[in-house]
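Summary of the model geometry
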Amino acid sequence: MGVPIECTNLRKTYDGKVEAVRGLSLRIETGECFGLLGPNGAGKTTTIEILEGLLAPTSGSVRIFGHAWNDNPRQLREWIGISLQETRLSEKLSVRETINLFASFYDQPRSAGEVLDDLQLTEKAESWVGKLSGGQKQRLAVATALVGNPRILFLDEPTTGLDPQSRRQLWEIIRRFQKKGGTVLLTTHYMDEAERLCDRLAIVDHGEIIAEGTPADLIDRLGGHHVVEFQVADNASASANGERTGEKSAWSTLPGVESVRNEDHAICLNVREPHLTIPALLEAVNRQGHQLEHLSTRQASLEDVFVQLTGRHLRED
Amino acid sequence: MATETTTPQPSAPQPSNGDTVPAPSERKPQRSGRWSGYRYLLWVRLLELKREPEIVFWVFGFPLLLSLGLGIAFREKPADKTSVVVIAGASAEKTLAQLSGNDKRSAIHAVVMERDAALKAFHYGKFDVVVEPKADGSYEFYYDPARPESVYARLFVVDTLEAAVGRIDKLQVVSSASSEPGSRYIDFLIPGLIGMSLMNSGMWGVGFSLVDMRQRKLLKRFLATPMRRSDFLLAVMSSRLVLMVIEVGLLLVFGMLVFHMPVAGAFVSLAVLGSIGAIAFGGVGLLTACRAQKVESVSGLINVVMMPMWIFSGVFFSYEHFPAKALPFIKALPLTALNDALRAIILEGASLSSQSVRLLILALWGGVSFALALRWFRWT
């Protein structure tokens with residue numbers, strides 16, 4: 001059996017104008033949880049729907065276990081489970097009826113009872129879908145994807161709009177599926193979700209992959225695993241921009257600093273060893289006669305990777 | 001239908017309460033039958049309908065209420081009295097006596113009024129005709145040739161006055177009133193309501209519900225499963241047939257029990273005709289809904305499609321009143337064909353084969369719509 005998901009040079013152009021996906025290639029191995037991380041409008045949903053066989057690409061090829069979508073779509077559909085970004089399931093059916101309905105489409109479905117247990121929906125089995133909370137609805141959406149006993153699970157923004165507890169519940173469910181040998185492809189614009197859940201991920205922006213690797217890899221590429229963020233008093237920020245740029249280069253010579261960037265009024269340093277950088281930083285601020293207004297250190301995240309690659313935040317409005 | 005053991009069974013939901021450990025038989029991977037998807041889709045459609053009280057009312061209750069209301073309104077209504085106003089003058093009282101006679105059941109209701117008031121009341125439609133007795137014994141009539149009851153009133157008043165002054169009739173005429181079951185308005189109405197109800201629920205039940213599912217991305221979600229598209233459409237059409245039996249049955253039984261409507265034709269013929277009608281309108285509904293993205297836009301479309309048939313297809317009154325040139329077009333409408341065939345079978349006991357042209361019209365509407373709809377249908 002071939003690679004679960006493979007695509008080369010995918011392009012999708014809407015109405016001959018809007019290029020939603022611009023030459024995207026991926027290869028996702030068995031048992032992997034792979035994430036497409038990117039801001040809204042980056043082309044994640046278009047990409048995943050092409051891989052799911054719901055959209056035809058303008059050009060490029062898709063292989064699911066080595067098969068193209070035209071070969072035998074019904075067989076491919078038996079192998080995959082899908083949760084779309086927004087599906088409003090029928091409100092006047094019960095949870096069990098909904099799962100049974102989806103089960104009836106598959107050749108060898110799992111039993112509704114088993115899926116209900118798996119997704120912690122047993123208590124709600126006889127409730128109408130319309131009465132469920134957002135988290136329960138989302139779990140039901142994943143249940144309809146899992147009831148066919150798929151080998152690949154496609155999840156488009158599975159936790160968008162959910163409370164933290166519901167998100168963690170879903171992450172658990174996805175991990176359990178993975179442990180049983182399933183392959184997962186999900187899209188998200190939450191960096192913490194990508195970091196915790198995904199074995200590998202691709203950062204997507206403007207329809208292209210701008211970085212790909214394990215979360216640790218990607219953060220490694222920043223140079224430092226830590227971020228020192230600080231702000232100096234007004235007499236510095238009041239001065240002209242030119243001087244600040246001069247400052248920026250001054251910061252980069254501090255010990256252990258890998259890169260520097262300005263963010264609003266703060267300055268962010270990616271550093272390897274904060275215990276070396278921070279004393280030197282304090283000394284430099286003192287020497288310049290500035291006042292330190294704020295100083296914090298944190299672990300570098302995918303957000304920092306994204307900002308460094310694009311100059312924008314993931315969730316900019 | 002597939003005969004091997006299938007899971008899950010629509011009619012027998014699995015036991016659920018508290019039993020968290022799946023029974024051994026549940027664990028064993030079982031294969032779904034070829035038709036499990038179809039059976040479930042059909043089952044779920046009927047289930048959802050049952051749980052939607054508004055739909056149940058509009059599909060089943062509304063036509064019944066309509067037939068009840070109209071049936072009562074037209075059932076025991078006494079013959080309209082012709083209302084006449086006599087302009088006050090020397091011989092006004094005498095004319096009044098001649099018109100009203102001594103008979104309490106007289107078909108004329110006459111009053112005397114001053115000239116201006118009389119004409120004003122006539123113009124407001126309070127009276128059908130104005131009679132002015134002249135001094136020389138002649139009469140002057142004011143009537144409105146555009147109002148049938150006014151035209152009739154003039155003739156009737158002349159006839160009554162002639163008779164009152166001793167006219168001798170040269171013709172012997174015997175009249176018998178026709179209000180036997182089978183020829184009353186309610187007997188005309190109920191087949192029309194059956195036809196209209198099949199059209200309504202075909203258009204809304206298929207058209208509206210499909211666009212709703214498309215808008216909710218549920219069609220797209222189904223498409224992401226191995227569900228056969230043909231099974232889905234088949235389930236939609238089958239649910240129409242199930243509902244057709246209930247709709248037609250309810251109205252027929254209602255008409256027979258409440259209004260003693262005679263059903264002259266065979267029930268088998270009605271079942272076949274009802275099925276063809278339900279599927280024809282299901283096809284038209286499918287075509288109407290094949291591309292619309294929003295329920296608001298499909299609602300407008302459905303009304304545009306149905307409006308001409310409400311007016312022209314003879315639901316509430318005969319379409320023979322329309323200009324002769326329009327009749328071929330009117331008769332080509334699916335609802336006209338359905339209503340005419342329903343009336344022929346229910347009221348005249350016609351056979352199915354005698355209705356073959358109308359059945360063909362219905363089948364063509366259904367078949368062509370269905371074919372076009374399949375071609376243009378959007379799942380997303």
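Residues numbered from 1 in each chain as written. Chains lettered and ligands numbered in written order. Predicted model: local features only at pLDDT ≥ 70, side-chain atom pairs only at ≥ 80, totals over all residues.

So, the overall build of chain B
From N to C terminus, chain B includes 14 helices and 4 strands. The buried share of chain B, taken over its 380 residues, is 37%. (Helix = DSSP H or I, 4+ residues; strand = E, 2+ residues; numbered from the N terminus. Buried ≥ 20, exposed ≤ 12 C-beta atoms within 10 Å, placed from the backbone.)

Some remarks on the overall build of chain A
Broken down by element type, chain A carries 12 helices and 13 strands. C-alpha extents for chain A along the principal axes are approximately 75 × 45 × 35 Å. Long-range contacts, defined as pairs at least 24 residues apart, comprise 71% of the intrachain contacts of chain A with a sequence gap of at least 6. (Contact = placed C-beta atoms within 7 Å.)

Re the nonpolar core
If you look at the biggest cluster of nonpolar residues, it comprises 146 residues, and the most contacted ones within it are I99, A143, F154, V184 and L185 of chain A. Tallying contributions element by element places helix α7 (residues 185–215) of chain B first for this core, with 16 residues. Among residues more than four places away in sequence, those in contact with A143 of chain A are I99, V115, L119 and L121 of chain A. Counting 16 residues, the second largest nonpolar core, distinct from the first, contains V86, F122, V131 and Y143 of chain B. (Core = buried A, V, L, I, M, F, W, Y, C linked by C-beta atoms within 7 Å.)

A look at the domain arrangement of chain A
Looking at the assigned domains, one finds that chain A contains domain 1 (5–217) and domain 2 (226–299). The gap between the C-alpha centroids of domain 1 of chain A and domain 2 of chain A is 42 Å. (Domains from an automatic or database assignment.)

Quick look at the sheet that holds strand β1 (residues 5–14) of chain A
Residue and element names in this part refer to chain A. Strand order in the open sheet formed by 3 strands is β2-β1-β4, and the pairing between neighbours is antiparallel. Of all strands in the sheet, those with a lone pairing partner are β2 (18–28) and β4 (59–64), marking the two edges. Taking the axes of each pair of neighbouring strands and ignoring which way they run, one obtains an average angle of 20° across the sheet. Of the pairings in the sheet, the one linking β1 to β2 comprises 8 bridges and is antiparallel in character. What sits directly across from T13, in β2, is E19. Contacts from helix α1 (residues 44–51) reach β1, β2 and β4, with the element oriented near 125° to β1. (Pairing = 2+ DSSP bridges. Axes fitted to C-alpha atoms, helices over the stretch in contact; angles between N-to-C directions.)

A closer look at the domain arrangement of chain B
Domain parsing of chain B yields domain 1 (35–72 + 181–376) and domain 2 (82–164). Once you take the C-alpha centre of each, domain 1 of chain B and domain 2 of chain B turn out to be 49 Å apart.

Quick notes on the environment of A341 of chain B
Residue and element names in this part refer to chain B. Along the chain, A341 turns up in helix α13 (residues 334–348). Each C-alpha atom of the pair A341 and G195 lies 9.6 Å from the other, and the pair is 146 residues apart in sequence. If we ignore the near neighbours within four places in the chain, the residues touching A341 are L273, Q355, R358 and L359.

Considerations on unusual backbone geometry
We note that N149 of chain A has phi near 55°; this positive angle belongs to a residue other than glycine. Looking at the element boundaries, N149 of chain A is found in the loop between α5 (134–146) and β6 (152–156). Judged by local crowding, N149 of chain A falls into the partly exposed class, with 19 C-beta atoms found within 10 Å. With a phi close to 65°, K217 of chain B is a non-glycine residue in the positive phi region. Position of K217 of chain B relative to the elements: it lies in the loop between α7 and α8 (218–223).

What to know about the interface of chain B and chain A
Across the contact, 28 residues belong to chain B and 35 residues belong to chain A. At the level of elements, α2 (36–50) and α8 of chain B are the ones that each hand at least two residues to the side of chain B that touches chain A. Top element by residues in the side of chain B that touches chain A is α2 of chain B. It accounts for 6 residues. Residues that form the side of chain B that touches chain A fall into these classes: 12 nonpolar, 7 polar and 9 charged. (Nonpolar A, V, L, I, M, F, W, Y, C, P; charged D, E, K, R; others polar.)

Here's the deal with the environment of V245 of chain B
As for its position among the elements, V245 of chain B is in helix α9 (residues 229–259). When the C-alpha atoms of V245 of chain B and D144 of chain B are compared, they prove to be 48 Å apart, with 101 residues separating the residues in sequence.

Observations regarding the sheet that holds strand β5 (residues 80–83) of chain A
The strands that make up a sheet are held in pairs by hydrogen bonds between backbone atoms, and each pair lies either parallel or antiparallel. Residues and elements named next belong to chain A. On the basis of which strands lie adjacent, the open sheet formed by 6 strands has the order β5-β6-β7-β3-β8-β9 and mixed pairing. Looking at the sheet topology across the chains shown, the edges are occupied by β5 and β9 (208–213). Across the sheet, the mean angle from the axis of one strand to that of its neighbour is 15°, orientation sign disregarded. Pairing geometry for strand β8 (residues 200–205) and β9, over 5 bridges, is antiparallel. Directly across from V204, in β9, lies its bridge partner I209. Its contacts with the sheet place helix α12 (residues 302–310) against β3 (33–37), β8 and β9, and it is angled at close to 40° to β8.

Quick word on the pairing of strand β12 (residues 266–271) of chain A
All names here are of chain A. Where burial is concerned, most of β12 is hidden: 5 out of the 6 residues are buried. Pairing geometry for strand β10 (residues 226–232) and β12, over 5 bridges, is antiparallel. Considered in β12, the bridge of F230 is made with I267. Strand direction decides the pairing type here: strand β11 (residues 257–263) and β12, joined by 6 bridges, are antiparallel. In the sheet register, V257 faces β12, and the bridge partner there is V271. In this antiparallel pair of consecutive strands, β11 and β12, the connection spans 2 residues, and D264 shows a positive phi of 50°.

Notes on the packing of α7 of chain B against α13 of chain B
Residues and elements named next belong to chain B. α13 packs onto α7 with a crossing angle of 140° between their chain directions and a minimal axis gap of 9 Å. Relative to α13, the element α7 is oriented oblique. You can see that α7 and α13 cross each other, and the crossing is right-handed. The segment α7 lies against α13, with D187, P191, G192, I194, G195, L198 and M199 engaging L335, L338, N339, L342, R343, I346 and L347. Taken together, the residues of the contact of α7 with α13 sort by class into 9 nonpolar, 3 polar and 2 charged. (Parallel < 35°, antiparallel > 145°, perpendicular 65-115°, else oblique. Left-handed = near helix turned anticlockwise from the far one by under 90°.)

Some words on the confidence of the model for chain A
Averaged over all residues, the pLDDT of chain A is 88; the fraction at 70 or higher stands at 94%. Low pLDDT (under 50) marks residues 236–246 of chain A, which in the prediction has 2 contacts with non-local residues, meaning those over four places away or in another chain. (pLDDT = per-residue confidence, 0-100.)

Section: helix α11 (residues 295–312) of chain B
Residue and element names in this part refer to chain B. Its 18 residues place the ends of α11 26 Å apart at the C-alpha level, agreeing with the 26 Å of an ideal helix rising 1.5 Å per residue. The sharpest bend along α11 reaches about 30° and sits at M306, with the proline P308 one to four residues further on. As for α11, its buried residues are in contact with α7, α10 (267–288) and α13. (Expected span 1.5 Å × (residues − 1). Bend = angle between axes of the 7 residues up to and from the residue.)

Here we look at the packing of α9 of chain B against α10 of chain B
Between two packed helices, both the angle of their axes relative to each other and the distance between the axes serve to describe the pair. Residues and elements named next belong to chain B. One way to put it is that α9 packs onto α10 with a least axis distance of 9 Å and a crossing angle of 130°. Our classification of the angle between α9 and α10 gives oblique. Here α9 runs over α10; the crossing is right-handed. Touching M237, R240, L241, M244 and V248 of α9 are L270, G274, S275, A278, I279 and G282, all from α10. Among the residues forming the contact of α9 with α10, the class breakdown is 7 nonpolar, 3 polar and 1 charged.

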